[in-house]
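# Understanding the architecture of this molecule
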Amino acid sequence: MLPTNKPIEKKIGVFPETGERPALEAEKNIPAEHEPEREEIPAFVEKEEVKEAGESEKEGPAFATVSAPMVAPPPKSGTLVKIEKILEEDLGDFYFSMPPEQQKAFKEKGEETASAIEKMVKAGKAVGRKILKLIRAWLKLIPGVNKFFLEQEAKIKTDEVVKMAEKEREKRLEG
């Protein structure tokens, strides 16, 4: 049992002789040249003075709340924003009638489709047939849609994307 009149100075998780923390197993196996640069995040933070009734002041270790830094998603390019607007046009009613899980899947697939189309546009290989195939596959996620309506919407959106891609190409050639 520890005497209650002495402050506690023990640091948990730190070697008492050197004051350093032990290396984790994963850290031991990483060669120094391959280790990414990172900021040191203290694993422990000393508590301020803790007073209890009838006892003297104590200091003790407290676990710090360490969380991964929030990384902001990279800003969307103008081309990607235009493509997303074209794709989402006239689909609000369908989207909001879906259950939340299906909305999430539809949104993720739509973002994948838009980024794939953007890559094609930036590479200068925006082929209408490939774009139509991507859009059609994405629109098939809408439950209970008439296949003729689906084809018509896919064709309209493809035409708009191809028109936008032509304008982007002309801008690149002029500038």
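Shown above is the structure to which this text applies.
Report on the accompanying structure.

About the criteria used
Residues numbered from 1 in each chain as written. Predicted model: local features only at pLDDT ≥ 70, side-chain atom pairs only at ≥ 80, totals over all residues. Heavy atoms only, no water. Axes fitted to C-alpha atoms, helices over the stretch in contact; angles between N-to-C directions. Helix = DSSP H or I, 4+ residues; strand = E, 2+ residues; numbered from the N terminus. Parallel < 35°, antiparallel > 145°, perpendicular 65-115°, else oblique. Left-handed = near helix turned anticlockwise from the far one by under 90°. Contact = heavy atoms within 4.5 Å. Nonpolar A, V, L, I, M, F, W, Y, C, P; charged D, E, K, R; others polar. Patch = residues over 30% accessible without salt bridge, like charges linked within 9 Å, V, L, I, M, F, W, Y side chains within 5 Å. Areas by Shrake-Rupley, 256 points an atom, 1.4 Å probe, with all protein chains shown as cover. Salt bridge = Lys/Arg side-chain N within 4 Å of Asp/Glu carboxyl O. Lys, Arg positive; Asp, Glu negative; His and termini not counted. Charge placed at Lys NZ, Arg CZ, Asp CG, Glu CD. Buried < 20%, exposed > 50% of the residue type's maximum accessible area, 1.4 Å probe, protein only. Arc of directions from axis to C-beta.

### Quick look at the packing of helix α2 (residues 78-88) against helix α6 (residues 147-174)
Two numbers describe a pair of packed helices, the interaxial angle and the distance between the axes. For the pair α2 and α6, interaxial distance at closest approach is 9 Å and the crossing angle is 160 degrees. With respect to their mutual orientation, α2 and α6 come out roughly antiparallel. At the point where α2 passes α6, the crossing takes the right-handed sense. In contact with Thr79, Lys82, Ile83, Ile86, Leu87 and Glu88 of α2, α6 contributes Lys157, Glu160, Val161, Met164, Glu168 and Lys171. Across the contact of α2 with α6, the residue classes tally to 5 nonpolar, 1 polar and 6 charged.

### Topic: a negative patch on the surface
Judged by side-chain charge, Glu88, Glu89, Asp90 and Asp93 come together as a negatively charged surface patch. In this fold, aspartate 90 is placed in the loop between α2 and α3 (92-97).

### Details of α2
Taken as a whole, α2 has its buried residues at Thr79, Leu80, Ile83, Glu84, Ile86 and Leu87. Burial along α2 is one-sided: seen end-on, the buried residues are contained in an arc of 160 degrees. Looking at α2, the residues exposed on the side facing more than 90 degrees away from the buried face are Lys85 and Glu88. A positive phi of about 65 degrees marks aspartate 90, the residue just after α2.

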